[in-house]
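The residues making up each chain are set out below.
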Amino acid sequence: MEIIVCIKQVPDTEELHKVKINSETRTLIREGIKNIINPFDENAIEEALRLREKIGGRVTVISMGPPQAETSLRKALAMGVDRAILLSDKSFAGSDTLATSYTLAMAIKKLGKFDLILSGKQAIDGDTAQVGPGLAEWLNLPQITYARKIEVNEKKIRAERTLEDSFELVESPLPALITVTKEINEPRYPSLKGVLRARKEKIIIWTAKDLKINEKRTGLEGSATRVIKVFTPPSPSGGEIISGETSKVAENLIKKLEEHRII
Amino acid sequence: MIIKKNKDEIISYLEDSSNVKGGKAETLYVPENEKEVLEAVKECASKRVPLTISAGGTGTVGGRVPFGGRILSVEGLNKIICVDEKRKRAILQSGVIISDFLKILEPKNLFYPPFPTERTAFIGGNVATNASGEYSFRFGCTRKYIRRIKVILSTGELIEIERGKYFASKDGYLRIAEKKIKIPSYISPPIKNSAGYFSHPEMDLIDLFIGSEGTLGVITEVEVELIPAFSSPFIMIIFLKEEKILNLLGEIKESKKISPLCLEYFDKHSLEFLKEDFPDIPEGAREALYIEEEESEDILEEWVNLMESYPVIDTWISQDRATYERLINFRHKLAENINNYFRKIKLTKVALDIAVPENSFRELFNFYKNIRLNNPRIETVLFGHIGENHLHFNFFPRDEKEREEVIKIYQEAIKKGVKLGGTISAEHGVGKIKHKYLEMMYGKKGVMEMVRVKKEIDPFCIFGLDNIFSKSLLRS
Ligand SMILES: Cc1cc2nc3c(=O)[nH]c(=O)nc-3n(C[C@H](O)[C@H](O)[C@H](O)COP(=O)(O)OP(=O)(O)OC[C@H]3O[C@@H](n4cnc5c(N)ncnc54)[C@H](O)[C@@H]3O)c2cc1C
């Protein structure tokens, strides 16, 4: 089975508060911020590896991003994927979900035959959940989003699709695109041999030229949406620290709570 | 000076991380400078009132639990006086919280290697117990990094002891202020050790105070040595499907190409305690080794080579902060889960904390294994700092009868450890719970020598009563 996993490098959740906004270009300033694989994408990698372990085949990871996204691809290699491809080109910069899914689709076309595309349900930085579905559209594939469990047999895939308070059981022919939730599995830790191999393995890098891309469809130019304004919301002010002797503090606190009719 | 007499303001100072019960005290002093410490000490000395020194309360042997008298908390002495980046030294008041200190050092690219695992401990508590943390396998214990201390004695003197200045004379006398004090005749084992006063021919005076568990005076200031920060380490957990750890350990220690920060052992029962938090622990894993080291290709290659001929089922490696934090829990969660289990079955744990010299470790390890073989009914768990030949062997007696059996086994093990040239307490100290075992280690004579030293330095016998030895011995 030929499995492709699309992953994105995102700022480490612990570092999100450090991410500043460039109000001129209306983009996030990511310099000096530690990065991780988008957590849901890690679940997608894990699921791909489990499928390969069960029915054999090959797992290819693709990421579009700046050169430093390589570290995330290396981690995927350390987890055990067979090959990693980075789509990196100045002209890709500023892509919205439409342009990103187009660029990824072009790379997947270049790869040729495949059976399954997996990705996380959404990236934790943009939170749009649109790249997966967009990709399915560009490739004219059936899609199942928010999968919390999947099963593959012969030419079909069956997925439990998470809904608000229940789940749907959906079946689709292959090839198909699936986006997964956190519940689907617990991503494995890289192994020693995996890490060593990942350090030595070559990461394949494809540019716009390699993809024979219509440059009007990628990057800022290929984006259908424009960010008009980005800002950091003001942090809530107020708050009061009551200090002093414990018993006085307690008394004082109760008085205040009563004053504000909280108790 | 803040003085508290209100019961509910004192109550949290009556316990630590041990299960020692019965803590009580009438007054709590919270001095904010040395002058106020001196005032409190003088007052207690003049009235002969016991004074227990209290720090972060993370101690595991009841050291700061007062059995009457008053408490002096050093929490107000919390200033980091200076960090000298050039000389790689820092001067701290004794109430500085270790985690705060480490945070200050981070942007300066400096590091304090012997930090204890529980980072809410204070630097003063760290020195008073000679506690040493997870990286002591590579860097050595606390003692090594303490350059100077200031101590207030019950005689009202404030003394400053710099390492390398005051040694015991050839005939075994240390000088403190105007007094000549004969050092104990026993020699502390040259291994990780926190049992009783340190003693060694021509020893440095500072080493007597390090690890003295609050029985000699109040440490008010500490100067420590720092090292350059190193790049963030990775964690690797190696799962073995046969019990081959000792051989693997031997090869790791001999290798010149690697230098782990720590080597931690987990037996099969430890892995069971972790199953809930780490459901992917491979089936059939009999043992695991946890290491931390800086990452490089050569180092990883060497690890692959070392493991070549061992029955390794799986290895887990952290590759970023998120996985590092998940894997560090492998170590932290174990102690927590064990303690929760004890609490649930409502039993206090019986825990061995023996360390022995390198060449005796195999014998101790096999001795532990035999204990298990011969007592298959008794639940046990074996884990810890195997790099330093120091394991925690915990017993879970189910009822009184089993408890009695366990106590017997425990004493046998202590005897064995001592016979092998080891210590009964490698890191947690003696406190209020291991008096009997200290006596097994140094004999009645050794303990009485400690009592003599204490009485000479603290003639009013106010500090840390019942720590290290029973206060009843002070009357003799
Ligand atoms: C989860 C956990 C993990 C731990 N891990 C380790 C470990 O890896 N290695 C290790 O060695 N220990 C470990 N410990 C034990 C504990 O952290 C150490 O003993 C610790 O350094 C004690 O510091 P503290 O500030 O909490 O002291 P406290 O518990 O408040 O006091 C300890 C003793 O020191 C005396 N003392 C404190 N301050 C002074 C002072 N200024 N002057 C004179 N005497 C003083 C007290 O009187 C008392 O006898 C652990 C404990 C816990 C709860």
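Residues numbered from 1 in each chain as written. Chains lettered and ligands numbered in written order. Predicted model: local features only at pLDDT ≥ 70, side-chain atom pairs only at ≥ 80, totals over all residues. Heavy atoms only, no water.

1. With respect to the overall build of chain B
Definition in use: The numbering of helices and of strands both runs from the N terminus, where a helix is a DSSP run of H or I of at least 4 residues and a strand a run of E of at least 2. A radius of gyration in this sense is built from C-alpha atoms; the matching globule rule multiplies 2.2 Å by the number of residues raised to 0.38. The classification of residues rests on relative accessible area computed with a 1.4 Å probe and restricted to protein chains. Under 20% of the type maximum is buried, over 50% is exposed, and intermediate values are partly exposed.
Scanning chain B for helices and strands turns up 13 helices and 20 strands. On C-alpha atoms alone, chain B measures out to a radius of gyration of 22 Å, which is about the 23 Å that the 2.2 N^0.38 rule sets for 476 residues. Taking the principal axes of the C-alpha coordinates as reference, chain B spans close to 65 × 60 × 50 Å. Each of the 476 residues in chain B was classed as buried or not, and the buried ones make up 58%.

2. Structural notes on helix α7 (residues 245–254) of chain B
Residue and element names in this part refer to chain B. Note the threshold: Taking the helix axis as origin, the arc is that swept by the directions to the C-beta atoms. Any pair of residues with heavy atoms lying within 4.5 Å of one another is described as a contacting pair.
Looking at α7, one finds that the buried residues are Ile245, Leu246, Leu248, Leu249 and Ile252. On an axial view of α7, the arc spanned by its buried residues comes to 160°, and they lie on one face. Each element contacted by the buried residues of α7 is listed here: β14 (234–240), β15 (262–267), β16 (287–293), α9 (297–307) and α11 (361–374).

3. Structural notes on the pattern of salt bridges
Put simply, the test is: For this document, the term salt bridge refers to a Lys or Arg side-chain nitrogen within 4 Å of an Asp or Glu carboxyl oxygen.
Under the definition given, this model contains 62 salt bridges over all chains. Across the salt bridge formed by Lys256(A) and Glu240(A), the nearest N and O atoms sit 2.9 Å from each other. One end of the pair, Lys256(A), is in helix α7 (residues 246–259); the other, Glu240(A), is in the loop between α6 (208–211) and α7, with 16 residues separating them in the sequence. For Lys256(A), a relative accessible area of 24% puts it in the partly exposed group. Taken together, the shared-partner salt bridges in this structure form one network comprising Glu34(B), Asp84(B), Arg87(B), Arg89(B), Arg148(B), Lys150(B), Glu160(B), Glu221(B) and Glu223(B).

4. Some thoughts on the sheet that holds strand β5 (residues 80–84) of chain B
All names here are of chain B. Rules: The pairing criterion is simple: DSSP has to find at least two bridges between the two strands. To obtain an axis, a line is fitted to C-alpha atoms, over the contacting stretch when the element is a helix, and the angle between two such axes runs from 0 to 180 degrees between their N-to-C directions.
Spatial strand order, β5-β6-β12-β8-β9: five strands in an open sheet with antiparallel pairing. The sheet is open, and its two borders are formed by β5 and β9 (158–162), each paired with just one other strand. Between one strand and the next, the sheet's axes are offset by a mean angle of 10°, whatever the strand orientation. One ladder, built from six bridges, connects strand β8 (residues 146–152) with strand β12 (residues 218–225); its direction is antiparallel.

5. Re the sheet that holds strand β4 (residues 70–73) of chain B
Residue and element names in this part refer to chain B. Within the open sheet, the four strands sit side by side as β1-β2-β4-β3. Their pairing is mixed. Each end of this open sheet is capped by a strand with a single partner; those strands are β1 (2–4) and β3 (51–54). Neighbour-to-neighbour, the strand axes of this sheet turn through a mean angle of 20°, independent of strand direction. Taken together, the three bridges between β1 and strand β2 (residues 27–30) define a ladder with antiparallel strand orientation. Counterpart to lysine 4 in the pairing with β2 is leucine 28.

6. What to know about a nonpolar patch on the surface
Quick reminder of the rule: Distance thresholds for patches are 9 Å for like charges and 5 Å for nonpolar side chains (Val, Leu, Ile, Met, Phe, Trp, Tyr), applied to residues having over 30% relative accessible area and no salt bridge. Accessibility throughout is a Shrake-Rupley quantity obtained with a 1.4 Å probe, and a residue counts as covered only by protein chains that appear here.
Together, Ile254(A), Ile262(A) and Ile263(A) make up a nonpolar patch on the protein surface, roughly 320 Å² of accessible area in all. On the secondary structure map, Ile254(A) appears in helix α7.

7. Concerning the interface of chain B and chain A
The cut-off we apply is this: When two parts are brought into contact, each loses some accessible area as probed by a 1.4 Å sphere; the total of that loss over both is the buried area.
Contacts between the two partners involve 22 residues from chain B, matched on the other side by 20 residues from chain A. The contact between chain B and chain A buries some 2000 Å² in all, and 56% of this surface belongs to carbon and sulfur atoms. If you sort the residues of chain B by the area they bury against chain A, Glu297(B), Arg321(B) and Arg326(B) come out on top, with a joint share of 26%. Remark: the boundary between chain B and chain A carries six salt bridges. Here Arg199(A) ties to Glu295(B) by a salt bridge, and the two come within 2.9 Å at their closest N and O atoms.

8. Observations regarding the site of the ligand
Residues and elements named next belong to chain B. For clarity, the threshold we go by: We call a residue near a molecule or strand as soon as one heavy atom of that residue lies within 4 Å of the molecule or strand. We call two N or O atoms a polar contact when they sit within 3.5 Å, provided that within protein one can donate a hydrogen and the other can accept it, with sequence-adjacent residues counted only if both atoms are side-chain atoms.
Not every one of the 32 residues close to the ligand is listed here, only the nearest: Ile53, Thr58, Thr117, Phe122 and Ser132. Glycine 57 places a main-chain nitrogen or oxygen 2.8 Å from an oxygen atom of the ligand. With respect to the ligand, the backbone of glutamate 213 contributes an N or O atom lying 3.2 Å from an oxygen atom. The fraction of the free accessible surface of the ligand (990 Å²) that becomes covered by protein chains is 92%. Counting only elements with at least two residues in the shell around the ligand, the list comes to α4 (123–129) and β12. The element contributing the most residues to the shell around the ligand is α4, with five residues.

9. Considerations on the pairing of strand β12 (residues 176–180) of chain A
Residues and elements named next belong to chain A. Burial runs high along β12: five of the five residues are buried. Across the two faces of β12 the burial is the same, with Ala176, Ile178 and Val180 and Leu177 and Thr179 all buried. In terms of strand pairing, strand β8 (residues 116–120) meets β12 through five bridges, oriented parallel. Residue leucine 116 lies in a different strand from β12, and its bridge partner there is alanine 176. Sheet topology note: the strand β9 (residues 143–153)/β12 ladder contains three bridges and is parallel. Paired with glutamine 143 across the bridge in β12 is leucine 177.

10. A closer look at the nonpolar core
All names here are of chain B. Counted only if it meets this: Among buried residues, those of type Ala, Val, Leu, Ile, Met, Phe, Trp, Tyr and Cys that are joined through side-chain atoms within 4.5 Å constitute a nonpolar core. These domain limits were set by an automatic method or by a database of domain assignments.
Judged by nonpolar contacts, the single largest core of 170 residues is most densely connected at Tyr112, Phe209, Trp303 and Phe330. The leading source of residues in this core is helix α13 (residues 435–457), at nine residues. Summarising the domain contributions, this core has at least three residues from each of domain 1 (80–228) and domain 2 (233–352 + 354–419). Residues contacting tyrosine 112, with those up to four places away along its chain left out, are Ile98, Phe101, Leu102, Leu105, Ile123, Asn126, Thr142, Tyr145, Ile146, Val224, Glu225 and Leu226.

11. Points about the domain arrangement of chain B
One frequently used descriptor of interface size is the decrease in accessible area upon assembly of the parts. Residues and elements named next belong to chain B. Taken as a whole, chain B is organised into domain 1 (80–228) and domain 2 (233–352 + 354–419). Of note, the centres of domain 1 and domain 2, computed from C-alpha atoms alone, are 29 Å apart. Each side of the interface is counted separately: domain 1 has nine residues, and domain 2 has 20 residues. Buried area between domain 1 and domain 2, both sides added, is near 1300 Å², and the carbon and sulfur share of it is 56%. Considering only the surface of domain 1 that becomes buried against domain 2, Phe137, Arg138 and Lys192 emerge as the three largest contributors, covering 53% of it. If you look at where domain 1 meets domain 2, you find three salt bridges. For the pair domain 1 and domain 2, the number of links is nine residue pairs in polar contact (both at pLDDT 80 or more).

12. Details of the side chain of Glu46(A)
Residues and elements named next belong to chain A. Along the chain, the position of glutamate 46 falls in helix α1 (residues 39–55). Among the residues examined, glutamate 46 registers a relative accessible area of 2% and is labelled buried. Reaching out from glutamate 46, the side chain makes a polar contact with the side chain of arginine 50 at a distance of 2.6 Å. In contact with glutamate 46, not counting residues within four places along its chain, are Met79, Asn185, Glu186, Pro187 and Arg188.

13. Regarding the environment of Lys113(A)
Residues and elements named next belong to chain A. Within the fold, lysine 113 resides in the loop between α3 (97–111) and β8. The exposure class of lysine 113 is exposed, given its relative accessible area of 67%. In the structure, lysine 113 is positioned 124 residues away from serine 237 in sequence and 56 Å away in space, judged by C-alpha atoms.

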